[in-house]
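Architecture at a glance
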Amino acid sequence: GSFSFSVMFLLVKVMSSMNTFTLVFWRSVVQIAICLVDLYKKSENPLGPNNFRVRFYLVLRAVFGAGAVMAWFFGIQILPLPDAVTLQFTTPPFAAAFAVCIVGEKWKRLDVIGAIVCLSGVALIAHPTWLFGSAGGEDEDIENDASSVLKAAAVLVTTAGAAMAGVAYVCVRKIGDDADAVVMVFYYGVLSLPMTAIGSKLYMGDWNVLGDIQHFSLVDYFLLLLVGFAGYGGQLFTNLGLQNETAATATLATSTQIVWTFIFEILFLHEALNFWSLAGTGLILGYMMIVGIIKVMESGKHAYIEEGVDEEGVLLEPRKSETSYGATALEW
C-alpha cells in the first residue's frame, strides 16, 4: 500500500505542469469507475446503508478527505517530494485532537508528545527565515524570501491537509463497520468532482477541471490513469493489511512510504534536500517508528488475552482491531 501511494505521489510530482484540481478530478473519475465495478461484484449499494447518521459521516469523510488530497497534491507539486510526504505524517496528532472533541476520547501523553514532535518537524521542513535567519546577501535574500513565501504557503496548505485528514479519520471511526470501505472511496470520488470545480474557480478563476484535453498526449492520459490505479491500489493493499495485521504493524509499514519517496527522489527527481528538511523528516519518522514499536509491544502483551485460548485449548477467533490514530494508513 505504501509503495502504491508513493508511486502515485511520484506521478503527481512528474505531472507538475498539470494543475492540482485537474489531477484530483481525473483521479476521482478513475476511482469512481473502479469502485462501481467492485461494488457491483459485491452487490453493495454505492450509497451505503439506508441510515442518515452513516451517510452523514460518509459525506463528511468524503468532503474532508477530498480537501486533504487536494492540499497534498498542491504541496507535492511545490515542495520536494519527501518533504511533502513527511508532512502528511502529522495527521495522527490532529486525528487524536479531533477525537477528543468529537468522539470524546482521552488526550494521551503520547498524543501530546506527538503533537510537539510533529509541529517541530514541520518547522524544520518549512525552515522559515524569520525563525532560522538567512546566510545570503541582500539580493539573494530577496530571491530566497520569495521562494520561502511560496514554500511556507505550501507547507501550511499541506499541513492543513493533514488536519483535514484527521477529521476524515474520526469520521471513519464514527462509521465503523456500518459501511463497506469501497463505499467510502466511492463517496470520496463523487464529492471530489464538484469540489475540484469549485476549488478551480476560486483559486484559478476557471471552472475547467478537465485540463487542456485538446493537447493531452497518450502519455498524459496513461499517467492520469496510473494515478487513479495507484491511488486505488494503495487503498486496497492498505485495507488488506489492516484486515490481516494489527494497527501497530500498519504504523511501521506505512512509515516506509517516506523511504520510498527518498528512493524516488534520488533515482528520478534529483531535487535539492537540505539539512533542515532531513532533520524534520527524521524527527517525524522517528516519532512514527517509536509509536509503532510501543504499539507492537502493547499488542504483544495483550495478544494472548485478545485472541484468547478457551479452557479446552481451542484458539478463539481474533477480535477485530480498532482504528488507531497512530497508524497513518491513508485511505484516500
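Here the structure is a predicted model, which means the values were calculated and not measured.

Before going further, it helps to examine the overall build of the chain. Regarding its fold elements, the chain presents 12 helices and zero strands. Ordered by position in the sequence, the α and β elements of the chain form the string α-α-α-α-α-α-α-α-α-α-α-α. As presented, the chain carries roughly 16700 Å² of accessible surface, and 66% of it is formed by carbon and sulfur atoms.

Turning our eyes to something else, we now look at the packing of helix α3 (residues 52-78) against helix α4 (residues 81-88). Where α3 contacts α4, the axes come no closer than 7 Å and their chain directions differ by 155°. In this view, α3 runs roughly antiparallel relative to α4, as classed from their interaxial angle. For the pair α3 and α4, the crossing hand works out as right-handed. Note on element contacts: α4 touches α3 through Leu81, Ala84 and Gln88, opposite Trp72, Gly75 and Ile76. Here the residues of the contact of α3 with α4 sort into four nonpolar, two polar and no charged.

Quick look at a nonpolar patch on the surface now. Residues Phe3, Val259, Trp260, Ile263, Ile266, Leu267 and Phe268 make up a contiguous nonpolar surface patch of roughly 680 Å² in combined accessible area. Counting residues per element, the nonpolar patch draws most heavily on helix α11 (residues 247-269), at six residues. The topology assignment puts Ile263 in helix α11.

Criteria and thresholds
Per chain, the residues get numbers from 1 upward, laid out in the order the sequence is written. Whole-chain, interface and lining totals are the exception, using all residues; otherwise, since this is a predicted model, local features are given only for residues with pLDDT of at least 70 and side-chain atom pairs are given and counted only at 80 or more. Note that the side-chain values use all heavy atoms of the structure and ignore hydrogens as well as water. Strands are runs of DSSP state E lasting at least two residues, helices are runs of H or I lasting at least four, and both sets are numbered from the N terminus onward. Note on areas: Shrake-Rupley, 1.4 Å probe, and residue coverage restricted to the protein chains presented here. Between N-to-C directions, angles span 0 to 180 degrees; the directions come from axes that are lines fitted to C-alpha atoms, helices contributing only their stretch in contact. We call two directions roughly parallel when the angle between them is under 35 degrees, roughly antiparallel when it is over 145, roughly perpendicular when it lies between 65 and 115, and oblique otherwise. We call a crossing left-handed when the near helix sits turned anticlockwise from the far one by less than a right angle, and right-handed when that turn is clockwise. Note on contacts: a residue pair qualifies if any of its non-hydrogen atoms lie within 4.5 Å across the two residues. Residue type decides the class: Asp, Glu, Lys and Arg count as charged, Ala, Val, Leu, Ile, Met, Phe, Trp, Tyr, Cys and Pro as nonpolar, and the leftover types, Gly among them, as polar. Nonpolar side chains (Val, Leu, Ile, Met, Phe, Trp, Tyr) within 5 Å and like charges within 9 Å form the patches, drawn only from residues with over 30% relative accessible area and no salt bridge. The term salt bridge refers to a pairing of a side-chain nitrogen on Lys or Arg with a carboxyl oxygen on Asp or Glu at a separation within 4 Å.

Coordinates in, geometry out; function isn't part of it.
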